[in-house]
2 protein chains.
Amino acid sequence: MLNITRRQFLTYVGAAGGSSALLKTSLAMGIMPDEAYSGPVKVKPVATGNKPSVVILGAGIAGLATALELERAGFHCTIIEASHRAGGRNLTVRHGDKIDEMGNTQICNFDKAENLYFKCGPARIPGHHRRLLHYCRALGVPLQIKANSCKLAYFHDDKAFGGKPVRQIEYHADVRGLMSELVWKSAQSNQYDQLMSEEDVAKLVKFAQLHGDLTDAGKYVGTERAGSVTERMLEFPQPHAPIELKAMLDSSFWHGGLLGAELYDWCEPLMEPTGGMDAVVKGFLRHLKNPPVLKAQVKKIYNREGGVEVTYEREGKFHTLQADYCFNNIPAYFMGGIENNFSSVYQAGLDSIKRGHLFKIAYQMKERFWEKEGIYGGISYTADPIAQLWYPSHDIHAPKGILLGAYTWDPKVSAKFETMSPSERLIAGALSGEKIHPGFSQYIENGISIPWARMNHQMGCGMHMSPEDWDKYFAVLQQPEGRHFMIGDQISHHSGWQEGALASSEQALQQLNKLLSVNLSHGELSHVA
Amino acid sequence: MLNITRRQFLTYVGAAGGSSALLKTSLAMGIMPDEAYSGPVKVKPVATGNKPSVVILGAGIAGLATALELERAGFHCTIIEASHRAGGRNLTVRHGDKIDEMGNTQICNFDKAENLYFKCGPARIPGHHRRLLHYCRALGVPLQIKANSCKLAYFHDDKAFGGKPVRQIEYHADVRGLMSELVWKSAQSNQYDQLMSEEDVAKLVKFAQLHGDLTDAGKYVGTERAGSVTERMLEFPQPHAPIELKAMLDSSFWHGGLLGAELYDWCEPLMEPTGGMDAVVKGFLRHLKNPPVLKAQVKKIYNREGGVEVTYEREGKFHTLQADYCFNNIPAYFMGGIENNFSSVYQAGLDSIKRGHLFKIAYQMKERFWEKEGIYGGISYTADPIAQLWYPSHDIHAPKGILLGAYTWDPKVSAKFETMSPSERLIAGALSGEKIHPGFSQYIENGISIPWARMNHQMGCGMHMSPEDWDKYFAVLQQPEGRHFMIGDQISHHSGWQEGALASSEQALQQLNKLLSVNLSHGELSHVA
């Protein structure tokens, strides 16, 4: 502070009605920002020398977070993981890494470079995913902004605009212009007179004009907000001719493309860990006392008197663990193949969770050709099966880059890719890429694909339940069965998101706290401090 | 590539009608992406052993770029700079740096840390500023994505919504919903039947429904696109109640806030050099043969036979330089005070350029409290004089951060701050900050402000001309007067942007090339290779 102490400063602000005065007013008005997140559930700590044991099935994000919180409370945790690695669908592949697709093991042959990576699973974090952001902070996972939306990227549909890719900024500006023009027309012809006062109609007309960048006569004739056909640094800007309303209505981007970036989980700015999403997994592993037991496949889960018994197979041998509690992160549709003694309603609930068919392709591109088109991150949307092209927004101007060449979760569309060989997928993706960026294929050095529904130990991504099953079973699965708790994004309203996985863990730990209190009051559990 | 060579791959793609076939089709359709930028003007190289001399007045971005290109062509360049530093309005201040305000020298007392900085001038780069991006690439200036828009940041106006800050995502979603509802209503009551076919009206209704997230009855009742009042990870989302149309029309965010992020120069994603915008200046300086002569004030500029004569004062002494050419980056409104022999129309043109009044405040905050509200970068807009709050999007989750506490270029608003002392500005800014973030002042550790219209050697930022003067003089100033070329963002349609400065340099160098050709054809200049 210049020529003023901090104390003086706060006094001035207070005297002028700032700070605490304002704070009180705001509280009274109920306008305080959303209640601050207070961090993960604190599990009741156990008494010293009395370590209850927990077995956690699956080293996905929910399993790792559950283990961390329980270890902090003094529990002894063993994580059993079927795959060769921890992280579940939080998978980032680099040079030499394996995509463990059934029957089609793929090895990533990107150049050997830390920053040439493919985020096979989760890839972005919005500012309101407070649980995940808490862990990034607490575990020392560095974050950077990820450009999820690029106004200069394209919309493409063979059937719209003569198959020409359209810059999103033009489409967006034209939608706004054309809609505003319609509102203007209706307002001018007294269409809204019964809805609002004359004064408000006048404001609405002005609003429509500004919103759509209409002429004084209420016409939309294009806008320099979407760029210019002239060299605008040295000449007056001249807008592009707008898309015709009819062509706009015939196009397919009303939902996916136009609104894609408008959904709450994709609200800007989005973030990503610097160096790849697996930094989150590494962060958990750094802080866990016991590393997960890998390549260990669960065969039996039995609720027993006062505990859970889990049998798993590892390197051809069977092992049986007795634990006080079990947290189960295994995809629910695998549970039918795992011996258990759950109630029939609980089993039916597990069976009601269906596999998701998320599919991605990543290409190593020898040049970042998109940057020459002004595209520095974001997504082009297409009606072709690849659905999306994602441009990397880290390592700007580096010689090479990993371009996401397909990203679809429509089961019908993904099914097409699932039945192809890895090479066929790359060719199919390249053909669609060519429509958006002519010459696309020439830049491809190598590529890799991930059909999550064919992945060993996962067999899906983006689980879902029918609305009827949801009503019937979701609440059942949110509760423990004996001392067995289901966790994972599958037990949340946010399947496919790490935040959903963390919410499920939070929920299960809250249930555990309840159970501990109940048991305590019955004098059953002596291990609680 | 897996089980397939690159050559095979391209053959497959070609056979399937991809690559070259598609490329040709695309070219025929005229849909190729914008012509790739081919880099800066190549100045005709000079013959070996024959170095023409150039004097460049002002070490702003235009001056530095001009010097670099001329040095590459073999010219000998001397840059004369009045200030104690190079960069002009590209100024990034950190601990101990000076803001050279007339009569109010301020020293920055941020903590001593490379990443606690204040970008006093330019702060963001869109993907279509191809000249600046070229230099970032060529000079090795690392770039990162800068979050310019944050949907979770606020709109605030004492006079709207009872003075309550509104999350932008709610305002945006509600504008879209309310406008769509109006279009739906008009479409249903046959308002558009004369404009389009029945079939298109049906599409329009569907479009409005999706665009605005309307109910099946065409009502806008809020949308989960703007978040939820429930814990959406564990419960079904429940939208916030929408803003009333009347309240929306009474609010002041139609232009500044709502459309701010929609202007072409702010189209996402935006970028910034890692570590501060002055990395651009440092990049130029690293590549220039002759560093600028600092603290040297130009007093006279004379066009002479076959050259330009410049006199400057440094440390009380006068120096006169003879040069073959002069590129002049000095703010044009200073030219009235510099002796010259320019034509009266050229002088009148220079006089017609008026000062801009851009003003900024930056606070060092002891905590990044905004991150707790889900805000990771972007801008809150307010009707208060501070106009904008910018949240840093680098160093996410760091202990401290520099928050931009005011950013205004309205001369009337800036004038209020210009007449205040630096401390008074900080207090005024804090009072406005309190309205958006109760408790704001408590986080302030220190602060600094920059009223560009009071800065030594600049006296303004964001120059402008009246439309009449523009018509009369802009073309005059785009041409050289003798061997004197005006440059700087002031000689572009993009004052206040580095891209405008670079465009002016490009333009001047094109003029120089013309001059060299003409002179060459007359056999006058032997120094051209």
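An account of the accompanying structure is given in this report. All values reported here derive from a predicted model rather than from experimental measurement.

## Quick look at the sheet that holds strand 7 (residues 125–126) of chain B
Hydrogen bonding along the main chain pairs the strands of a sheet, whether they run parallel or antiparallel. Residues and elements named next belong to chain B. Strand order across the open sheet formed by 3 strands is 7-11-8, with antiparallel pairing between neighbours. In this open sheet, the two strands that pair with only one neighbour each are strand 7 and strand 8 (143–146). One ladder, built from 2 bridges, connects strand 7 with strand 11 (residues 270–273); its direction is antiparallel. In the sheet register, Pro126 faces strand 11, and the bridge partner there is Leu270.

## Focus on the relation of the copies chain B and chain A
Each of the two chain copies can be generated from the other by rotation about an axis followed by a shift along it. For the match of chain B to chain A, the screw axis carries a shift of 0.0 Å, the RMSD comes to 0.0 Å, and the turn is 180°. Taken together, the turn and the small shift mark the pair as related by a two-fold rotation axis.

## Section: the pattern of salt bridges
Under the defined criterion, the tally for this structure stands at 52 salt bridges over all chains. The shortest N-O distance in the salt bridge between B:Glu101 and B:Arg425 comes to 2.7 Å. On the criterion of sequence distance, the pair formed by B:Glu101 in the loop between strand 4 (98–99) and strand 5 (106–107) and B:Arg425 in helix 13 (residues 422–436) is long-range, its members being 324 residues apart. Relative accessible area serves as the criterion here: at 0%, B:Arg425 is assigned to the buried category. One network of salt bridges, in which partners are shared, links A:Arg130, A:Arg131, A:Glu499, A:Glu506 and B:Glu231.

## Looking at unusual backbone geometry
Here A:Glu268 and A:Pro269 are connected by a cis peptide whose omega angle stands at -5°. Within the secondary structure, A:Pro269 sits in the loop between helix 8 (256–260) and strand 11 (270–273). With a phi close to 55°, B:Phe161 is a non-glycine residue in the positive phi region. Looking at the secondary structure, you find B:Phe161 in the loop between strand 9 (154–156) and strand 10 (166–167).

## Some remarks on the environment of A:Lys159
Structurally, A:Lys159 is set in the loop between strand 9 (154–156) and strand 10 (166–167). Sequence-wise, A:Lys159 and A:Ala383 are 224 residues apart; in three dimensions their C-alpha atoms are separated by 8.6 Å.

## A word on the side chain of B:Glu309
Residues and elements named next belong to chain B. As for its position among the elements, Glu309 is in strand 13 (residues 307–314). Exposure remark for Glu309: the relative accessible area of 18% places this residue in the buried category. A polar contact of 3.0 Å, which involves the side chain of Glu309, links it to the side chain of Gln322. Other than its neighbours up to four places away in sequence, Glu309 contacts Lys300, Ile301, Tyr302, Arg304, Thr320, Leu321 and Gln322.

## What about the environment of B:Ala279?
All names here are of chain B. Here Ala279 lies in helix 9 (residues 278–287). When the C-alpha atoms of Ala279 and Thr92 are compared, they prove to be 9.0 Å apart, with 187 residues separating the residues in sequence. If we skip the residues at most four places from it in the chain, Ala279 touches Val141, Pro273 and Thr274.

## Notes on the packing of helix 3 (residues 61–72) of chain A against helix 9 (residues 278–287) of chain A
Residues and elements named next belong to chain A. Running from N to C, helix 3 and helix 9 cross one another at 25°; their axes reach a closest spacing of 10 Å. When the axes of helix 3 and helix 9 are compared, the pair comes out roughly parallel. As for how helix 3 packs across helix 9, the hand of that crossing is left-handed. The segment helix 3 lies against helix 9, with Ile61, Leu64, Ala65, Leu68 and Glu71 engaging Val280, Val281, Phe284, Leu285 and His287. When the residues that make up the contact of helix 3 with helix 9 are grouped by side-chain class, the tally is 8 nonpolar, 1 polar and 1 charged.

## What to know about the sheet that holds strand 12 (residues 296–304) of chain B
All names here are of chain B. Taken in spatial order, the 4 strands make up an open sheet running 14-13-12-16, and their pairing is mixed. Looking at which strands have only one partner, the edges of the open sheet turn out to be strand 14 (317–323) and strand 16 (339–340). One ladder, built from 7 bridges, connects strand 13 with strand 14; its direction is antiparallel. Looking across to strand 14, one finds that Glu313 is bridged to Phe318.

## Description of the interface of chain B and chain A
In this assembly, 129 residues from chain B lie in contact with 130 residues from chain A. When the buried area of chain B at its contact with chain A is split by residue, B:Phe207, B:Met233 and B:Leu234 rank highest and sum to 7% of it. Between the two partners, chain B and chain A, sit 12 salt bridges. A salt bridge links A:Arg131 to B:Glu231; its shortest N-O distance comes to 2.8 Å. For the pair chain B and chain A, the interface holds 27 residue pairs in polar contact (both at pLDDT 80 or more).

Procedures and definitions
Starting from 1, residues in each chain are numbered consecutively following that chain's sequence as written. Here every chain gets a letter starting at A, and every ligand a number starting at 1, in the order they are written. It should be noted that, the model being predicted, local features are given only for residues of pLDDT at least 70 and side-chain atom pairs only at 80 or more, the latter also being counted only at that level, while totals for whole chains, interfaces and linings use all residues. Processing note: side-chain calculations cover all non-hydrogen atoms of the structure and skip hydrogens and water entirely. Paired strands are those between which DSSP finds at least two bridges. Put simply, DSSP marks the helices as runs of H or I at least four residues long and the strands as runs of E at least two long, and each gets a number from the N terminus on. Only residues with pLDDT of at least 70 in both copies count here: their C-alpha atoms drive the least-squares fit that superposes the copies. Salt bridges are defined as contacts in which a side-chain nitrogen from Lys or Arg sits within 4 Å of a carboxyl oxygen from Asp or Glu. Here's how the labels work: a residue is buried when its accessible area is under 20% of the maximum for its type, exposed when over 50%, partly exposed in between, all with a 1.4 Å probe on protein chains only. Any pair of nitrogen or oxygen atoms within 3.5 Å is treated as a polar contact; in protein, a donor-acceptor pairing is required on top of that, and neighbouring residues in sequence qualify only through side-chain atoms on both sides. Note on contacts: a residue pair qualifies if any of its non-hydrogen atoms lie within 4.5 Å across the two residues. Note on method: axes are straight lines fitted to C-alpha atoms, helices fitted across the in-contact stretch only, with angles between N-to-C directions ranging 0 to 180 degrees. Note on angle classes: values under 35 degrees are labelled roughly parallel, values over 145 roughly antiparallel, values of 65 to 115 roughly perpendicular, and the remainder oblique. Take the far helix as your reference; a near helix turned counterclockwise from it by less than a right angle gives a left-handed crossing, and one turned clockwise gives a right-handed crossing. Just so you know the grouping, Ala, Val, Leu, Ile, Met, Phe, Trp, Tyr, Cys and Pro go in nonpolar, Asp, Glu, Lys and Arg go in charged, and all remaining residues, Gly too, go in polar. Here the quantity called buried area is the total loss of accessible area, with a 1.4 Å probe, experienced by two parts when brought into contact, counted for both.

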